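This is what each chain is made of:
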Amino acid sequence: MIKALFNLVLAFFLVLSLEGIARKIVARVQRRIGPPWYQNFIDVFKALSKHPFSNGWVFDFGVLMALGGSVATAMLMPLGSLKWTPFPNTDNFFVITYLFTVGALGMAMGMVGSGNPWASIGISRALTQMLGYELPFLVVMASVIFNYKTASIHQLITFQGEKWNLFSMPLGAIVAFISLIGMMGKKPFDIAIAPAEIASGPMVELSGKYLGLLQIMHDFSLFVEISLFVNVFLGGGSLGWFLVKFVTVWVVAVLISSVLPRFRIEQMLKFYWGVPLGLAFLNALFVVLGLTL
Amino acid sequence: MALGLLPLVLLTLSIFIYLVSKMSWKMGALLNFLAGLFTILYVFTLKVGTFEKLDLFGLNIQFEWTNVSFYFSFVSLLVIVSVMLFSTKWLETQKYRASYNMFLLMVTAGSLGVFMAADLITLYVFWEIAVLSSLLIVPMEKKEARKAVVVYAVMSAVGTYAFLYGTFLAYQRYGTLNIHGIAQGMLNDTSIGFKMAVFLLLSAAGIAKSGIFPLHIWLRETHGLAPNAFSSVLSGQFIKLGNYIFLLVLSVIPSLKVFSEVTVYSGIPLPNYILIALGNVSIVIGTLMAIKQDDMKMLMAYSSVANGGYILIGIGTMDPLGFEGGMFHIFNHAVASAVIFMAFAAVIYRTKTQKISEMGGLIHKMPVTFLVYLFSIISLAGIPPMSGFISKWMIYQALVRKGMFITAFLAFFGSIGSFLYVFRPLAGVFLGQLPRKYRDVKEAPAVMLTPMVLLVLISFFLGVWPFPILQAIEKIRVDLDVAPSFKISDPENWLVKGFAGSWNPVLVFGLFLVGFIVAYILYSLFPRPKKVDLLAPHREEGTPINIYTGGEFIYNPDLYHYNTKFYAGFERMYEKHPSWEKLLKMFGKLFHDAGEWIHSWFFEPSSSAYTFWVVVTLLLVFWVRW
Amino acid sequence: MTNSMSDALKTLEVFRPEVEEIDEREVKLSVAPDRVIAVLETLKSLGYSHLSLMTCIDWIEDSQFELVYILFSWKDGGKFIVTTRIDRNNPQFVTVKEIWPVARFYEREIHEFFGVKFSGNEDMKPLFLELWDDKPPLRKDFDPLEYSRRKFPGREYQKDVIDEAKKIFRGEING
Amino acid sequence: MKERSIWERIADNLRSRSIWMLHYCTGCGAVELPPSMTSRFDMERFGIAPMATPRQADILLITGYLNTKTLRRVIYTYEQMPDPKYVVGFGSCTINGGIYFDSYATVNRLDYYIPVDVYIAGCMPRPEAILEAFNYLMEKIRKGEADGWKRYRENYEWYKQNQIRSLGEVYVHDEFHE
């Protein structure tokens, strides 16, 4: 259980500071100074310290369920090796992805419960987006699981002892990275939280501490998504190596997302169900024929 | 009381209940419920393996009570008993109350008979009882339901008569009607073609009943227009009849051994593969059509199509995990869709409309119905704390383990699509702004809520501690020796094991609770929120809605609720989709016109031409004298 | 004056308008109040179909309101400004809503800002001003400064800042 | 100025370092905001970021003259903002009515209706003045002097009575929104 709590603490501090660094990177890309790296900590605690409005018990229940779901998923996530796996017999891939959707559904219900049509439009976009990026990712993961005959993450890590999945299944890694950007809701795919079009979508009625709690929930979900990608495709190694890989994946994603404009829903779906899905099936074909590098 | 008498007693009881309901329908409904309760308790006492032979009007009926029949009767009785309790209060909205009670009991008797039948003819007889009584209940409430019942009758007729034809084929070749006898005969039969024909003909009844691809058209209108409580039985219990046929055909007749020489891909024989392909197509159709429906009951009808596809895929793989996943999904789908339809019935009982676009914000008035609906869609969509996830997890494990990537892809598409279409009524009907005309809607009566809450609690309990039902299914799997050596559930250390890793449902639920508590602690640490009253425009006129409206004053809540065309972005992508219904309607039109042409040929207006044709036909008949 | 506009003038001779040519394609016709509708209809039939503006001018000295109709023709680009004078104390006039539907809003605005009543156009609800409780604001005898001081309290300055600003501007004292 | 508890002081420090600005431009001064956000002046380095909804925002910028229609919407938005909120008045129109001092529709003094923490003089201040004002506001928040929202809550009646006096009624039915 201590490892699980360590997971939470690490997730909170690591991802918040990484987001501060991301804002710095984006600022540097736009040739301006940008906020200090600890800016997100200040934002979260400032938001938590304000006197909020609550739109009814569903609104509160939804926020609690969202945070509960993503905290539970973060506690399940192994960090790079068996030594750092909180619950070795329950870190099945499908359990993690579907427990992750508990958070998403809780947030969706809470935000629509706020009664604001902006939020419903944002949530309908977010669910459509989930349909978009989730399918190529699951097909690639199915081929990885079929290849190594196991779905438990820490066993997948040990199988990648000498060669990372990134090199043995390059197609799968590329598709997984593209859907990772969609999962994180970074720039090209932040249709659901578009501040200009739908007044920051689902977060339109979030004031004070709800905004802070949702920000923490977003951090835990970022932590889960990126560590899932790092565990499955970039092999294992000690905790230090895991953090290095985590940061590099995050920086690459931020660089890509800082220069791309926002997609529309159809464009996003056509994009995800076009090339990435094709590559995913191609990768599955290679795996079935045993052609992994 | 002997095993065979149970369905017959229920049938006579239904006549008696008809008379009682004539006097007072409340008494009739109560009696109905008690009869159901008695049956479900009696089913527990029956010993597995008792064989019973009865001859009734010269037809010898054979019953056999196996683990499979226990499991299926328990599932369907659970749904029917809760609907009977539900309709004790709900029936006041109906006109034909007495016949509703009678036919509901007949449906129970029929399905019990089907699950207990040892030979195909008794199965067919009780199958007809169940189908005919449901045919009579469906058109009871709405006028348009009459046309829908015709489509339903045709579709199930296609299925049942193909089944009957398959039975006679098997009887003519193997000399016996007993299921195990046929299975033995098929084992040592050599001609693949004949075995395949019998297999597909028998499974046609399953395809028709559980709404798999070619025969899935009737589901939308029948579920949409049937009396609300009965559509819960229709989707919760009637689909199980179809699934029983699949089980019968796929595993009671051991399809792996029977068709071992025509294996297509990773150990799955050709007929199974055909059925799985049909299951895939029905998942895609069910999900895509459900996402764009505006009528909430039709939406759930299409979700039954999709979940029927899931069950078929689960059982079709004949892989221990897939088989057990499919069987568990039968239970989950039955409970979840029964509760969802009952929740819709409660909503319609209060708001008198089925269209999502006309409703909204009902959570302020019907919170318990909202919670019941929320937990059942969590189970239907397959999300961890509820039991729906375990069955889907097993099916995914089997599909990925066998390397069937197309089916796995479609299964993932179905499960994520199910998030979308179960969320649409949640957001459109329960959340958002309450329209003016539903200002004084009250919560559904308590009698209606108790069955829903009970079913949700059962599903919740099984989600956290699935081992009782997993052991029951494991007993079935060992009976039908589908890879009996493989252990899936071991309750000692709370693990559900699969090929590719295991997981611990109690731990996952515990973690979710810990997460919830951590969230609540964080929530209560910080300043208390100021309550925003979403019902302000309803309380006193002239106060604008107090949510962010771009600085404008909005006084009319009806304008400010987003529920029509909820997934507009996604629906636009498949606007002009090929419709299977239009194809069949075109065929129907073709036959209609041909008949019209021949009809006009004979029935001339002039009497002379009419007599001429009569004479010609008579001559022809005598000349041939076959 | 383009020749098409001059023949239009010839047809309008019967109404004896005072013609005043403002620009090469712009002519002002001031007409007696009872002949305005006829002039407008003939001009519309001659192609001057676009009522681009309808407004009112307050001549407080000779206590009259001047109603101005600006018609524009898309065919030859000519612009006729038809004006008429009505009494200021009891401003009454006929609506042109039937000829140009858009006039309904113009008349509503004129009613709100000048107080002119238009018979035949009954929805005289306030269009721009919300909860207005004073004289129609665009009348010359309405003093906006006084109204502004009464309705929207301003900031009291100890010393007279404005004339000090003038001095700075004139450079008498350095700012 | 009452003594603030340790939590209050920490919270004020946090609030000063990350101000979220409501993207609701009421007048001609809003055109000065984009240049102060982009790379030359870069407001974000002080932690100031534009937010789309009043629920998430800390400061409300009144960037120009306020006529009666906009004032109603500004008051309504101000009341939708969560509590420690601040108002910054841009330009002379909010101070004393500016060039519209004698108009029948324009407000002459903003802080009769909502409490204003910082005024920026100038007939539309340039980005340097805006950043200077924001830093001054951050300093006031840190010292705890920026208590406009407390004043609004304490003498709420006085503000309401002023609003009714000038606007007649804050919420108004107009035919275009039924």
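Residues numbered from 1 in each chain as written. Chains lettered and ligands numbered in written order. Predicted model: local features only at pLDDT ≥ 70, side-chain atom pairs only at ≥ 80, totals over all residues. Heavy atoms only, no water.

J.: Report on the UniProt feature "transmembrane region" (unreviewed entry) in chain A, specifying residues and quantitative values.
T.: Residues and elements named next belong to chain A. In the UniProt entry, the feature "transmembrane region" (unreviewed entry) is given for residues 6-22, 57-81, 93-114, 126-146, 166-185, 239-259 and 271-291. The span residues 6-22 shows a helical share of 100% and a strand share of 0%, and its end C-alpha atoms are spaced 23 Å apart. The span residues 271-291 is 81% helix and 0% strand, and its two end C-alpha atoms sit 27 Å from each other. (UniProt positions renumbered as here; feature names shortened; annotations may be inferred. Helix = DSSP H or I, 4+ residues; strand = E, 2+ residues; numbered from the N terminus.)

J.: So, the pattern of salt bridges: which residues are in play, and what are the values?
T.: Residues and elements named next belong to chain B. Considering all chains together, one arrives at 49 salt bridges over all chains under this definition. With its nearest N and O atoms 2.8 Å apart, the salt bridge here joins R424 to E571. With a gap of 147 residues between them, R424 in helix 17 (residues 405-430) and E571 in helix 22 (residues 568-571) connect regions that are remote in the sequence. Looking at R424, the relative accessible area reads 2%, which means it is buried. (Salt bridge = Lys/Arg side-chain N within 4 Å of Asp/Glu carboxyl O. Buried < 20%, exposed > 50% of the residue type's maximum accessible area, 1.4 Å probe, protein only.)

J.: Break down helix 14 (residues 320-351) of chain B for me, with residues and values.
T.: An α-helix turns once every 3.6 residues. As a result, residues three or four positions apart point the same way. All names here are of chain B. Here helix 14 contains 32 residues, and its C-alpha end-to-end distance of 46 Å stays within 8% of the 46 Å for a straight helix at 1.5 Å per residue. Among the 32 residues in helix 14, 31 count as buried, and that is most of the element. Where helix 14 begins, the capping side chain belongs to D319, and its oxygen is found 3.0 Å from the backbone nitrogen of L321. Positioned one or two residues after helix 14, K352 has a phi angle of 60 degrees, which is positive. (Expected span 1.5 Å × (residues − 1). Polar contact = N/O pair within 3.5 Å; in protein donor to acceptor, adjacent residues only side chain to side chain.)

J.: Would you mind going over the nonpolar core in detail, with residue names and values included?
T.: In terms of nonpolar packing, the biggest core is built from 333 residues, with B:Y100, B:M327, B:L362, B:F412 and B:F423 touching the most fellow members. Looking at this core element by element, the count peaks at 21 residues for helix 14 of chain B. If sequence neighbours within four positions are ignored, B:Y100 has contacts with B:V83, B:S87, B:W90, B:L91, B:I137, B:M140, B:A229 and B:F230. D:L66, D:L71, D:V74 and D:F90 belong to the second-largest nonpolar core, a separate cluster that totals 48 residues. (Core = buried A, V, L, I, M, F, W, Y, C linked by side-chain atoms within 4.5 Å. Contact = heavy atoms within 4.5 Å.)

J.: For the packing of helix 2 (residues 25-45) of chain B against helix 3 (residues 67-90) of chain B, give the residues involved together with the corresponding values.
T.: Residues and elements named next belong to chain B. Between helix 2 and helix 3, the shortest axis-to-axis distance is 9 Å and the interhelical angle comes to 160 degrees. Considering their axes alone, helix 2 and helix 3 lie roughly antiparallel with respect to each other. Between helix 2 and helix 3 lies a crossing whose hand is left-handed. For the pair helix 2 and helix 3, the contacting residues are W25, K26, A29, L30, N32, F33, G36, L37, T39, I40, V43 and F44 in the first and F70, F74, L77, L78, V81, M84, L85, S87, T88 and K89 in the second. A per-class count over the contact of helix 2 with helix 3 returns 15 nonpolar, 5 polar and 2 charged. (Axes fitted to C-alpha atoms, helices over the stretch in contact; angles between N-to-C directions. Parallel < 35°, antiparallel > 145°, perpendicular 65-115°, else oblique. Left-handed = near helix turned anticlockwise from the far one by under 90°. Nonpolar A, V, L, I, M, F, W, Y, C, P; charged D, E, K, R; others polar.)

J.: Can you tell me about the domain arrangement of chain B, naming the residues and giving the values?
T.: Here the domain parsing of chain B yields domain 1 (1-139) and domain 2 (580-624). On a C-alpha basis, the centres of domain 1 of chain B and domain 2 of chain B stand 44 Å from each other. (Domains from an automatic or database assignment.)

J.: Quick rundown of the state of the cysteines? Include the residues and the values.
T.: Residues and elements named next belong to chain D. Inspection of the entire model under this criterion finds 0 disulfides over all chains. Free cysteine: C28, not disulfide-bonded; nearest cysteine sulfur from C93 at 6.1 Å. Residue classification places C28 among the partly exposed residues on the basis of a relative accessible area of 47%. In this model C123 remains outside any disulfide bridge; the closest cysteine sulfur is found in C93, 5.4 Å from its own. Using a relative accessible area of 58% as the deciding quantity, one classes C123 as exposed. (Disulfide = S-S within 2.5 Å.)

J.: Kindly report on the packing of aromatic side chains, identifying the contributing residues and their values.
T.: A full pass over the atoms with the stated rule returns 80 aromatic pairs over all chains. Between the aromatic rings of A:F281 and B:F409, the centroid separation amounts to 5.2 Å while the plane-to-plane angle is 75 degrees, which identifies the pairing as edge-to-face. Taken together, the residues span two chains, with A:F281 in helix 13 (residues 275-288) and B:F409 in helix 17. Judged by relative accessible area, B:F409 falls into the buried class, the value being 14%. Here C:F113 and C:F128 contribute two aromatic rings whose centre-to-centre distance is 6.3 Å and whose plane-to-plane angle is 35 degrees, an arrangement assigned as tilted. Here C:F113, found in helix 3 (residues 103-114), pairs with C:F128, found in the loop between strand 7 (117-119) and helix 4 (144-151); they are 15 residues apart in sequence, far enough to count as distant. Residue classification places C:F113 among the buried positions, given a relative accessible area of 6%. Three or more aromatic residues link up through ring pairs in this structure, and these residues are A:F93, A:F94, A:Y98, A:F137, B:F389, B:W393, B:Y396, B:F412, B:F419 and B:W503. Above the face of the A:F146 ring, A:K149 is positioned so that its terminal group lies 3.9 Å from the ring centre. Over the ring of A:F53 we find D:R55; its NZ or CZ atom is 4.5 Å from the centre of that ring. (Phe/Tyr/Trp six-rings, centres within 6.5 Å; stacked < 30°, edge-to-face > 60°. Lys NZ or Arg CZ within 6 Å of the ring centre and 35° of its normal.)

J.: Before we move on, could you go through the sheet that holds strand 7 (residues 501-503) of chain B and cite the residues and values that matter?
T.: Residues and elements named next belong to chain B. Strand order in the open sheet formed by 3 strands is 5-6-7, with antiparallel pairing between adjacent strands. One side of each edge strand has no neighbouring strand; the edge strands of this open sheet are strand 5 (489-490) and strand 7. Direction of pairing for strand 6 (residues 495-498) relative to strand 7: antiparallel, over a ladder of 3 bridges. Note that in strand 7 the partner of V496 across the bridge is W503. (Pairing = 2+ DSSP bridges.)

J.: Describe the pairing of strand 3 (residues 59-62) of chain D, listing the residues and the values that go with them.
T.: Residues and elements named next belong to chain D. Here strand 3 shows two buried faces, one formed by I59 and L61 and the other by L60 and I62. Both strand 3 and strand 4 (residues 86-90) contribute to a ladder of 4 bridges, which runs parallel. Its bridge partner lying in strand 4, L61 is registered against V88. Assessed by its sense of winding, the connection that carries the chain from strand 3 through helix 3 (residues 68-80) to strand 4 is right-handed. (Right-handed = clockwise from strand over helix to strand, strands pointing away.)

J.: So what's going on with the environment of B:Q293? Residues and values would help.
T.: All names here are of chain B. By the element assignment, Q293 lies in the loop between helix 12 (270-292) and helix 13 (296-316). The exposure class assigned to Q293 is buried, which follows from its relative accessible area of 10%. The spatial distance from the C-alpha of Q293 to the C-alpha of T564 is 9.8 Å, given a sequence separation of 271 residues. With residues up to four places along the chain from it excluded, the contact list for Q293 reads R220, M298, L299, Y302, I356 and R424.

J.: So, the pairing of strand 1 (residues 51-56) of chain B: which residues are in play, and what are the values?
T.: All names here are of chain B. Bridging between strand 1 and strand 2 (residues 59-64) involves 6 bridges; their strand directions are antiparallel. Of the residues in strand 2, the one forming a bridge with F51 is E64. Where strand 1 folds back onto strand 2 in an antiparallel hairpin, the turn is made up of 2 residues, including F57, whose phi is positive at roughly 45 degrees.

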